[in-house]
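# Coordinate inspection notes
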Amino acid sequence: MSLTPRGARYQVTRRQPNATTTETDYQTYQLFIPTFTLQNYADVFASSVTYRTYLITLRLCVLVWALTLLLGFPIAYFLAIHMRSRTWQMVLFLLCTIPFWTSNVIRMIAWIPLLGRHGVVNTVLQRLGVVDAPLEWLLYSEFAVVVGYIHLYTLFMIVPIFNAMMRIDLALLEAAGDSGATEWQTLWHVIVPLCKPGIVIGSIFVIAAVMGDFVTVNILGGGQIASVGKAIVTELSYLQFPPAAANAMVLLMAVLLMIVLLTRLVDIRKEL
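All values reported here derive from a predicted model rather than from experimental measurement.

### Details of the overall build of the protein
- Counting its regular elements, the protein contains 13 helices and 3 strands.
- Looking at the 272 residues of the protein, the share that counts as buried comes to 36%.
- Of the contacts formed within the protein by residues at least 6 apart in sequence, a portion of 66% connects residues at least 24 apart.
- Of the accessible surface of the protein, which amounts to about 16,800 Å², a share of 67% is contributed by carbon and sulfur atoms.

### Some remarks on helix α10 (residues 196–212)
- Across its 17 residues, α10 extends 24 Å between first and last C-alpha, which sits within 8% of the 24 Å expected from 1.5 Å per residue.
- Counting buried positions over the 17 residues of α10 gives 12, a clear majority of the element.
- Here α10 has its buried residues at P197, G198, I199, V200, I201, G202, S203, I204, V206, I207, V210 and M211.
- If you follow the buried residues of α10, they end up packed against α2 (48–82), α7 (142–166), α9 (183–194), α12 (228–237) and α13 (241–263).

### As for the nonpolar core
- Membership of the largest hydrophobic core comes to 60 residues, with the highest contact counts inside it found for F73, I161, M165 and I191.
- Those elements giving two or more residues to this core turn out to be α2, α7, α8 (170–178), α9, α10, α11 (215–221), α12 and α13.
- The residues contacting M165, other than those within four sequence positions of it, are F73, A76, Y77, A80, I81, I191 and C195.

### Concerning the packing of helix α3 (residues 86–97) against α7
- Packing of α3 against α7 leaves a shortest axis separation of 11 Å and a crossing angle of 160°. With respect to α7, the element α3 is oriented roughly antiparallel. Regarding α3 and α7, the two cross each other, and that crossing is left-handed. In this structure, α3 contributes R86, Q89, F93, C96 and T97 to the contact, and α7 contributes L155, I158, V159, F162 and M166.

### Side note on the packing of aromatic side chains
- Enumeration according to the criterion identifies 4 aromatic pairs in this entry.
- Taking 5.9 Å as the distance between ring centres and 25° as the angle between the ring planes, the aromatic pair formed by Y149 and Y153 counts as stacked. Of the two residues, Y149 and Y153 are both situated in helix α7; the distance of 4 residues between them amounts to about one turn of the helix.
- One aromatic cluster is present, built from ring pairs that chain together Y149, Y153 and F156.

### Observations regarding the packing of α8 against α9
- Close contact between α8 and α9 brings their axes to 10 Å; oriented N to C, the two are set at 160°. In this view, α8 runs roughly antiparallel relative to α9, as classed from their interaxial angle. Crossing of α8 against α9: the hand is right-handed. Counting all contacts with α8, which are made through L172, L173 and A176, the residues of α9 involved are T186, V190, I191 and L194.

### Quick word on the side chain of S141
- Position of S141 relative to the elements: it lies in the loop between α6 (120–127) and α7.
- When residues no more than four places from it in sequence are discounted, the contact partners of S141 are L220, G221 and I225.

### What to know about a nonpolar patch on the surface
- A cluster of nonpolar side chains, contributed by W88, V91, L94, L95, I98 and W101, occupies part of the molecular surface with about 650 Å² of accessible area.
- Mapped onto the elements of the fold, V91 is located in helix α3.

### Points about the environment of L139
- Tracing the chain through its elements places L139 in the loop between α6 and α7.
- Each C-alpha atom of the pair L139 and R117 lies 7.6 Å from the other, and the pair is 22 residues apart in sequence.
- The residues touching L139, leaving out its near neighbours within four places in the chain, are I112, L115, G116, A144 and L220.

### Section: the pattern of salt bridges
- Tallied over the entire structure, the rule returns 2 salt bridges.
- Put simply, R59 and E142 hold a salt bridge, and the shortest N to O gap is 2.4 Å. With R59 in helix α2 and E142 in helix α7, this pair connects stretches of sequence that are 83 residues apart.
- What makes E142 partly exposed here is its relative accessible area of 28%.

### Topic: the confidence of the model for the protein
- In this model, the protein carries an average pLDDT of 83, and 86% of its residues clear a pLDDT of 70 or more.
- Predicted confidence in the protein is weakest over strand β1 (residues 2–6), with a mean pLDDT of 42, and strongest over α2, with 93.
- Across residues 1–17, where pLDDT falls below 50, the model places 36 contacts with residues more than four positions away in sequence or in other chains.

### What about α2?
- Compared with the 51 Å implied by 1.5 Å per residue over 35 residues, the 50 Å span of α2 between its first and last C-alpha is a close match.
- Of the residues flanking the start of α2, the one acting as N-cap is S47, its side-chain oxygen 3.3 Å from the backbone nitrogen of V49.

About the criteria used
- Counting restarts for each chain: residues are numbered from 1 in the order of the written sequence.
- Confidence filtering applies because this is a predicted model: local features only for residues at pLDDT of at least 70, side-chain atom pairs given and counted only at 80 or more, and all residues used for totals across whole chains, interfaces and linings.
- Side-chain numbers come from the whole structure's heavy atoms, not from hydrogens or water.
- Helix and strand assignments come from DSSP, with helices taken as H or I runs of at least 4 residues and strands as E runs of at least 2, each series counted from the N terminus.
- Under the scheme applied here, a residue whose accessible area is under 20% of the maximum for its type counts as buried, over 50% as exposed, and between as partly exposed, the area being computed with a 1.4 Å probe on protein chains only.
- Contacts are residue-level and defined by heavy atoms, with any inter-residue pair within 4.5 Å sufficient.
- Here the accessible surface of atoms and residues is derived via Shrake-Rupley with a 1.4 Å probe, and residues count as covered only by protein chains that are part of the display.
- Multiplying one less than the number of residues by 1.5 Å gives the expected span of a helix.
- The definition of a nonpolar core used throughout is a set of buried Ala, Val, Leu, Ile, Met, Phe, Trp, Tyr and Cys residues joined through side-chain atoms within 4.5 Å.
- Lines fitted to C-alpha atoms define the axes here, with helix axes fitted over just the stretch in contact, and angles between the N-to-C directions of these axes take values from 0 to 180 degrees.
- When an angle is under 35 degrees it counts as roughly parallel; over 145 it counts as roughly antiparallel; between 65 and 115 it counts as roughly perpendicular; any other value is oblique.
- By the definition used in this description, the sense in which the near helix is turned from the far one sets the handedness, with an anticlockwise turn below a right angle giving left-handed and a clockwise turn giving right-handed.
- For Phe, Tyr and Trp, rings pair up if their centres lie within 6.5 Å, where Trp contributes its six-membered ring, and each pair is then called stacked (planes under 30 degrees apart), edge-to-face (over 60) or tilted (otherwise).
- Exposure above 30% relative accessible area and no salt bridge define the residues that can form patches, which grow by joining like charges within 9 Å and nonpolar side chains of Val, Leu, Ile, Met, Phe, Trp and Tyr within 5 Å.
- The term salt bridge refers to a side-chain nitrogen of Lys or Arg lying within 4 Å of a carboxyl oxygen of Asp or Glu.
- Residue-level confidence of the predictor is what pLDDT reports, using numbers from 0 through 100.
- Between N or O atoms, a polar contact is any pair within 3.5 Å; within protein, one atom must be a potential hydrogen donor and the other a potential acceptor, and residues adjacent in sequence are included only when both atoms are from side chains.

So this is what it looks like as structure tokens:
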């Protein structure tokens, strides 16, 4: 038997005594077909799984954005307005960055012994008599994924808001107090409007990071939570490059659309 290359095709020749020669041709496996097509986009938009995956990712994104804003704004307000000592500002700010001294994967894995069935949280709750059995939804659930996201991205919300608050002239706050405004009125009518560029920049950081994340979903979701980033990684692992590329482009357009909508609210160039 001899193999003779013929371009992308091969010729297999079998020679038998006192027999005619037989030939069998076959074509090797082609990963890419070099032709322009929009079929990969049609397949993405024709699948109901795509819409469910995007809805789940969008729900996680909105939830994480709201929680990081609720946590990040008071922390930035305390550091920038109430903490007058620059030394203590830097010390407390440095404490916020300590989790970033390790990689994202290590920080996510660290939640497993805390939230697991026999983890620290379940053990404490059972010993205090709060629950009779371990809480299964603490780990490998949307709750765990949201906790991981908040752990990862709250600082991304704190830094731009803190930077915006540091530019506020404290004389404005004193003038508002002298005019009879309460602390809440000063916060809502003076500080929040002046911090809008910082809030928008922090929102862009958080939204872009959550929409494309797949590591947190894989580790803390336990393969039970869907996301667009995870879907793209799965398609790449199965060498399905055309649908992965289409999904990546759709995700990019969705993120850019949200960023454009956010930048329409305020002029973030003031913070740049």
